[in-house]
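So you can see what is in the structure, the chains are spelled out below.
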Amino acid sequence: MATSNSDKQVLTLSEVKQLAEDKNRCILVINNRVYDVTKFLDEHPGGEEILKEQHGRDASHEFEDVHHSPDARELMKTYEIAELHQDDVKPIIPPRPLIENYNRNTGGASNNVATSWMKSLIPIVIVLVAIFYFRLTGKANPNVD
């Protein structure tokens, strides 16, 4: 085990794999940082199995694919135990942008405000047209008992 100038523990990937041999721990690598999330397993909102599947591996892609909140990213710091050695460092996986107004028809974000209120307006118009139609065409049946 090496140490960096910042006194933070530095581990090689082979040392991370050695740590991961202890099946009572859950060790992950996310963006070149090593985490021991053993104490977080029961608290993880996605369930402990998701973390256990990544045990001993680089989980950077999986972590970033989930759109973790800023609070989750801050909480991660408490479980960080080391950095990867510079010989094992991989490019950082950037967080995926959160798409708030996802448009399934175009496969992307829609910033068109008209689209959102139109989605609500169309069913209302259909109901009003149906009511109007039935009032005009409907006749009271005088022969009904």
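Conventions and cut-offs
Residues numbered from 1 in each chain as written. Predicted model: local features only at pLDDT ≥ 70, side-chain atom pairs only at ≥ 80, totals over all residues. Heavy atoms only, no water. Helix = DSSP H or I, 4+ residues; strand = E, 2+ residues; numbered from the N terminus. Buried < 20%, exposed > 50% of the residue type's maximum accessible area, 1.4 Å probe, protein only. Contact = heavy atoms within 4.5 Å. Areas by Shrake-Rupley, 256 points an atom, 1.4 Å probe, with all protein chains shown as cover. Salt bridge = Lys/Arg side-chain N within 4 Å of Asp/Glu carboxyl O. UniProt positions renumbered as here; feature names shortened; annotations may be inferred. Arc of directions from axis to C-beta. pLDDT = per-residue confidence, 0-100. Phe/Tyr/Trp six-rings, centres within 6.5 Å; stacked < 30°, edge-to-face > 60°. 1 Å grid on protein atoms, 1.4 Å probe; cavity = no way out; pocket = protein on both sides within 12 Å on 5 of 7 lines; lining within 4 Å. Points joined across faces, edges and corners; volume = space filled by probe spheres on them. Nonpolar A, V, L, I, M, F, W, Y, C, P; charged D, E, K, R; others polar.

(A) Structural detail: the overall build of the protein. For the protein, the helix and strand inventory stands at five helices and seven strands. Shown N-terminal to C-terminal, the secondary structure of the protein runs as helices and strands in the order β-β-α-β-β-α-α-α-β-β-β-α. Across the 145 residues in the protein, those meeting the buried criterion constitute 25%. Contacts in the protein between residues at least 24 apart in sequence constitute 63% of all its contacts with a sequence separation of at least 6. For the protein, the exposed area adds up to about 11100 Å²; of that, 56% sits on carbon and sulfur atoms.

(B) Broad picture of the pattern of salt bridges. Counted according to the given criterion, the structure contains eight salt bridges. Salt bridges here are not isolated pairs; linked through shared partners, they connect Arg 33, Glu 80 and Glu 83.

(C) Highlighting the environment of Val 10. The topology assignment puts Val 10 in strand S2 (residues 9-11). Each C-alpha atom of the pair Val 10 and His 85 lies 5.5 Å from the other, and the pair is 75 residues apart in sequence.

(D) The UniProt feature "transmembrane region" (unreviewed entry) in the protein, seen in detail. Per the UniProt record, "transmembrane region" (unreviewed entry) is annotated on residues 120-136. Secondary structure across residues 120-136 divides into 100% helix and 0% strand, with the first and last C-alpha atoms of the span separated by 25 Å.

(E) Looking closely at the side chain of Gln 54. Note on placement: Gln 54 falls in the loop between helix H2 (48-53) and helix H3 (60-65). A relative accessible area of 10% places Gln 54 in the buried class. Setting aside residues no more than four positions away along its own chain, Gln 54 makes contact with Ile 27, Leu 28, Ala 59 and Glu 62.

(F) Examining helix H1 (residues 13-20) more closely. Where H1 is concerned, the buried positions are Glu 15, Val 16 and Ala 20. Relative to the axis of H1, the buried residues are bounded by an arc of 145 degrees and lie together on one face. Away from the buried face of H1 by more than 90 degrees, exposed residues Lys 17 and Gln 18 are located. Looking at the buried positions of H1, the neighbouring elements they touch are S2, strand S3 (27-30), strand S4 (33-36) and strand S5 (80-84).

(G) Structural view of the confidence of the model for the protein. The share of residues in the protein with pLDDT of 70 or more is 76%, and the mean pLDDT across the chain is 82. Ranking the elements of the protein by mean pLDDT puts strand S7 (residues 108-109) last with 49 and S4 first with 96.

(H) Broad picture of the environment of Ser 60. The residue Ser 60 is located in helix H3 in this model. When neighbours within four sequence positions are excluded, Ser 60 is seen to be in contact with Val 29, Ile 30, Asn 31 and Ile 93.

(I) Inspection of the packing of aromatic side chains at higher detail. Under the counting rule described, the total for this entry stands at two aromatic pairs. Seen in terms of ring centroids, Phe 40 and Tyr 79 are 5.4 Å apart; in terms of plane orientation they differ by 45 degrees. Their pairing is tilted. Here Tyr 79 lies in the loop between helix H4 (70-76) and S5 and Phe 40 lies in the loop between S4 and H2, a separation of 39 residues in the sequence. Here the two residues Phe 40 and Tyr 79 agree in accessibility, since each one is buried.

(J) Spotlight on the layout of surface pockets. By volume, the largest pocket amounts to about 430 Å³. What lines the largest pocket is a set of 21 residues, among which Phe 40, His 44, Leu 51, Phe 63 and His 68 lie closest to the centre. Counting only elements with at least two residues in the lining of the largest pocket, the list comes to S3, H2, H3 and H4. When its residues are assigned to classes, the lining of the largest pocket shows 15 nonpolar, four polar and two charged. Quantified by volume, the second largest pocket comes out at close to 190 Å³. Elements with a minimum of two residues in the lining of the second largest pocket: S4, H3 and H4. For the lining of the second largest pocket, the per-class residue count stands at five nonpolar, one polar and five charged.

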